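Close look at the chain arrangement
This is what each chain is made of:
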Amino acid sequence: IPIPPAEQMVSPGAQPRTRTLYPAPILDLARVEAWMGERGLRETHARTLYRGLFGKFSQGIPNEEWTEATLPAELPQRIKTDLVRDFTMSSSRVVEQVASEGGFKLVVELQDKQRVETVVIRHHHESAQKTRYTVCVSSQVGCAKQCNFCATGTMGLRADLSA
């Protein structure tokens with residue numbers, strides 16, 4: 001299948017490819033550091049935040065528990081309310097799981113209500129007697145290739161994702 005020129009890769013009427021999320025994902029270190037810098041805080045405050053969150057919640061933290069009380073005590077009190085307001089622990093959620101013999105598919109709803117798919121493919125290697133997995137992770141909302149066998153391809157390219 002030939003790939004169309006870049007200027008033709010976004011479907012007519014599609015949303016702009018850049019996305020601005022609010023509240024921002026707390027895992028965006030550059031954004032957290034910039035936010036703290038705007039408030040006169042040092043880099044060490046970001047490290048304190050991450051050490052506190054990942055030490056205390058190594059298995060994850062539900063967004064419902066993202067409060068001032070969950071933040072490390074060492075952080076200045078004056079920023080805690082704003083930090084909880086301006087950042088979120090989770091900017092996406094799994095809305096559908098579809099299992100098959102060869103693996104499974106997850107439909108993930110993003111913060112701006114766009115949806116992407118992630119597929120986990122199971123491979124059993126007879127010679128090694130091992131099962132291995134391949135994970136296909138979306139880096140875009142939609143796809144410009146427009147393959148008729150793929151639901152994502154029928155959407156056209158809507159937006160790029162960022163980590």
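Residues numbered from 1 in each chain as written. Predicted model: local features only at pLDDT ≥ 70, side-chain atom pairs only at ≥ 80, totals over all residues. Heavy atoms only, no water.

With that settled, consider the side chain of His45. Inspection of the secondary structure puts His45 in helix α2 (residues 43-56). Dropping the residues within four chain positions of it, His45 is found in contact with Met36, Leu75 and Pro76. (Helix = DSSP H or I, 4+ residues; strand = E, 2+ residues; numbered from the N terminus. Contact = heavy atoms within 4.5 Å.)

What follows deals with the sheet that holds strand β5 (residues 115-125). The strand order across the open sheet formed by 4 strands is β3-β4-β5-β6, and the pairing between neighbours is antiparallel. Sheet topology places β3 (92-100) and β6 (130-137) at the edges, where each strand pairs with a single neighbour. This sheet shows a mean twist of 20° between the axes of neighbouring strands, independent of strand direction. As judged from the 8 bridges shared by β5 and β6, these two strands associate in the antiparallel manner. Bridged to Ile121 within β6 is Thr134. (Pairing = 2+ DSSP bridges. Axes fitted to C-alpha atoms, helices over the stretch in contact; angles between N-to-C directions.)

Before going further, it helps to spend a moment on the pattern of salt bridges. Between side chains of opposite charge, a pair can form when the charged atoms approach closely. Tallied over the entire structure, the rule returns 9 salt bridges. For Glu43, the salt bridge goes to Arg47, with nearest N and O atoms at 3.3 Å. With Glu43 and Arg47 both in helix α2 and 4 residues apart, the pair spans about one turn of that helix. Overall, Glu43 belongs to the exposed group, its relative accessible area being 52%. A relative accessible area of 43% means that Arg47 is categorised as partly exposed. (Salt bridge = Lys/Arg side-chain N within 4 Å of Asp/Glu carboxyl O. Buried < 20%, exposed > 50% of the residue type's maximum accessible area, 1.4 Å probe, protein only.)

Turning to the packing of aromatic side chains, a few remarks are in order. Two aromatic rings are characterised by how far apart their centres lie and by the angle between their planes. Evaluation of the coordinates by the stated rule reveals 1 aromatic pair. Ring geometry for Trp35 against Phe87: centres 5.5 Å apart, planes inclined by 85°, an arrangement best described as edge-to-face. Of this pair, Trp35 sits in helix α1 (residues 29-38) while Phe87 sits in strand β2 (residues 87-88), and the two are 52 residues apart along the sequence. When its relative accessible area of 7% is taken as the criterion, Trp35 is described as buried. (Phe/Tyr/Trp six-rings, centres within 6.5 Å; stacked < 30°, edge-to-face > 60°.)

Of all hydrophobic cores here, the largest spans 17 residues; its most connected members are Ile26, Val32, Met36, Leu49, Leu83 and Phe87. Elements with a contribution of two residues or more to this core: α1, α2 and α3 (77-86). With 4 residues, α2 is the largest single contributor of residues to this core. Here Leu49 is in contact with Ile26, Val32, Met36, Leu71, Pro72, Leu75 and Leu83, once residues within four sequence places are set aside. Of all hydrophobic cores here, the second largest spans 6 residues; its members include Leu106, Leu110, Val141 and Ala159. (Core = buried A, V, L, I, M, F, W, Y, C linked by side-chain atoms within 4.5 Å.)

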